[in-house]
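Observations on the model geometry
One-letter residues, chain by chain:
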Amino acid sequence: MTEQSTGLAQELHPLVRRVLAPNPSAFTYSGTQTYLVGRGEVAVIDPGPDLGPHVEAILAATAGERIVAMLCTHTHRDHSPATRALKAATGAPIIGCAPLALEDDGPRADAAFDVDYVPDRILTDGERFTGDGWTIEAVATPGHTSNHLCFALPQANALFTGDHVMGWSTTVISPPDGDMADYMDSLDKLMARDDAVYYPAHGEPVENPQRFVRGLAGHRRQREGQILRLLREEDRAIPAMVARMYVGVDPRLHGAAGRSVLAHLIDLEQRGVVARAGDQWRLAA
Ligand SMILES: [Zn+2]
């Protein structure tokens, strides 16, 4: 795949273009990729962060065309805030994931939530939205967030995977909204599909996606096994586990890694395998 620069639309398929937002970071890789689906009548998937140059790039790429809908995979701040500026500019409705109704918005290791997200229509699992020459179908994939949707484009045999499956790294599962058991179920759900390519919000397209997803599920099972081995040695707190499990990983990501370890521990606790006392975790008797 050719090198990507911000501000310019790049065609990946006759029905699919992407525009890279200028928000690179340890969490977003090269930045959020906004996808434009269709020609003439265009749907914008994950409009991205509310950055003027990015919104202008989307409008420039679709000059002479009509944006008929915006669809968000989830409401992290690197995905949905540009819906406001685009709606003001085009009047297009926001159609996609539900807003988060989260009572406890406790510590967040990855991008914060966009609390101002207001969809015009919420798509539930299997619901479709059709434009000229294309159909987008919602595939509910909770785990990274509780409101996460992937979007299938049958005309390209493609799936837009948001942050559920990324092209550069495993996703962060941050409780309480992130849920490891849901995430694993959502990986199973994708393995049962026959998509030919994934277009993630971060990183390059994923060819051979079923094998890729099998690898992700195996990676999580390995992490779970590591946690159980560490707790077999002695009771431990999460930072001590992260130090042993993420050797060589960018220390800026250790906070996020700790959230994913917590997600594993909560899943194991719910299955009766581990228990906690204060910040110490141990194997259940
Ligand atoms: Zn996210």
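Residues numbered from 1 in each chain as written. Predicted model: local features only at pLDDT ≥ 70, side-chain atom pairs only at ≥ 80, totals over all residues. Heavy atoms only, no water.

A look at the sheet that holds strand S8 (residues 128–131)
Strand order in this open sheet of six strands is S8-S9-S10-S11-S12-S13, and the pairing throughout is mixed. On the outer flanks of this sheet lie S8 and strand S13 (206–207), each paired with one strand and no other. Strand direction decides the pairing type here: strand S10 (residues 149–153) and strand S11 (residues 158–162), joined by three bridges, are antiparallel. Counterpart to Phe151 in the pairing with S11 is Phe160. Each of strand S9 (134–140), S11 and strand S12 (197–200) touches helix H3 (residues 180–191); the most contacted strand, S9, lies at about 145° to it. (Pairing = 2+ DSSP bridges. Helix = DSSP H or I, 4+ residues; strand = E, 2+ residues; numbered from the N terminus. Contact = heavy atoms within 4.5 Å. Axes fitted to C-alpha atoms, helices over the stretch in contact; angles between N-to-C directions.)

Overview of the coordination of the zinc ion
For the zinc ion, the full set of protein donor atoms is His74 (NE2), His76 (ND1), His144 (NE2) and Asp163 (OD), at a range of 2.1 to 2.2 Å. Considering all four donor atoms around the zinc ion, the spread of angles at the metal, 93 to 165°, places the coordination shape in the irregular class. The sequence motif formed by the donor residues of the zinc ion is H-x1-H-x67-H-x18-D. Placement of His144 in the loop between S9 and S10 and of Asp163 in the loop between S11 and H3 is noted, with a sequence separation of 19 residues between them. Side by side, His144 and Asp163 carry an identical accessibility label, which is buried. (Donors = N, O, S within 2.8 Å, 3.2 Å for Na, K, Ca; no water. Tetrahedral: all angles 85-135°; square planar, octahedral: opposite > 155°, others 65-115°. Buried < 20%, exposed > 50% of the residue type's maximum accessible area, 1.4 Å probe, protein only.)

What about the confidence of the model for the protein chain?
Looking at the protein chain, the pLDDT average stands at 92 and 95% of residues meet or exceed 70. In this model residues 107–111 is a low-confidence stretch, pLDDT under 50, and it forms 21 contacts with partners more than four residues away in sequence or in other chains. (pLDDT = per-residue confidence, 0-100.)

Considering the packing of helix H1 (residues 52–61) against helix H2 (residues 82–90)
Running from N to C, H1 and H2 point in directions that differ by 45°, and their axes come no closer than 10 Å. Classified by the interaxial angle, the pair formed by H1 and H2 is oblique. Regarding H1 and H2, the two cross each other, and that crossing is right-handed. Contacts from Val55, Ile58 and Leu59 in H1 reach Ala82, Ala85, Leu86, Ala89 and Thr90 in H2. A class-by-class count of the residues in the contact of H1 with H2 yields seven nonpolar, one polar and no charged. (Parallel < 35°, antiparallel > 145°, perpendicular 65-115°, else oblique. Left-handed = near helix turned anticlockwise from the far one by under 90°. Nonpolar A, V, L, I, M, F, W, Y, C, P; charged D, E, K, R; others polar.)

Section: the packing of H3 against helix H4 (residues 209–233)
Two quantities define a packed helix pair, namely the angle between the axes and the distance from one axis to the other. For the pair H3 and H4, interaxial distance at closest approach is 9 Å and the crossing angle is 155°. Between H3 and H4, the interaxial angle falls into the category roughly antiparallel. Read as a crossing pair, H3 and H4 show a hand that is left-handed. Where H3 abuts H4, its residues Met180, Tyr183, Met184, Leu187, Leu190 and Met191 lie against Gln210, Val213, Arg214, Leu216, Ala217, Arg220 and Arg221. For the contact of H3 with H4, the per-class residue count stands at nine nonpolar, one polar and three charged.

Some details on the sheet that holds strand S4 (residues 41–45)
What the five strands build is an open sheet, ordered S1-S2-S3-S4-S5; its pairing is mixed. Looking at which strands have only one partner, the edges of the open sheet turn out to be strand S1 (9–13) and strand S5 (66–71). Mean inter-strand twist for the sheet, computed between neighbouring axes without regard to direction, equals 30°. Sheet topology places S4 next to S5; five bridges connect them, and they run parallel. Opposite Glu41, over in S5, you have Arg66 as the bridge partner. Across the sheet, H2 is in contact with S4 and S5; its angle to S5 comes to roughly 155°.

With respect to unusual backbone geometry
A cis amide bond links Pro175 to the next residue, Pro176, at an omega of 10°. Within the fold, Pro176 resides in the loop between S11 and H3. Look at Asn157: it is not a glycine, yet its phi comes out positive at around 50°. With respect to the helices, strands and loops of the structure, Asn157 is situated in the loop between S10 and S11. Looking at Asn157, the relative accessible area reads 33%, which means it is partly exposed. Unlike most non-glycine residues, Asn208 shows phi in positive territory, near 60°. With relative accessibility at 44%, the residue Asn208 sits in the partly exposed group.

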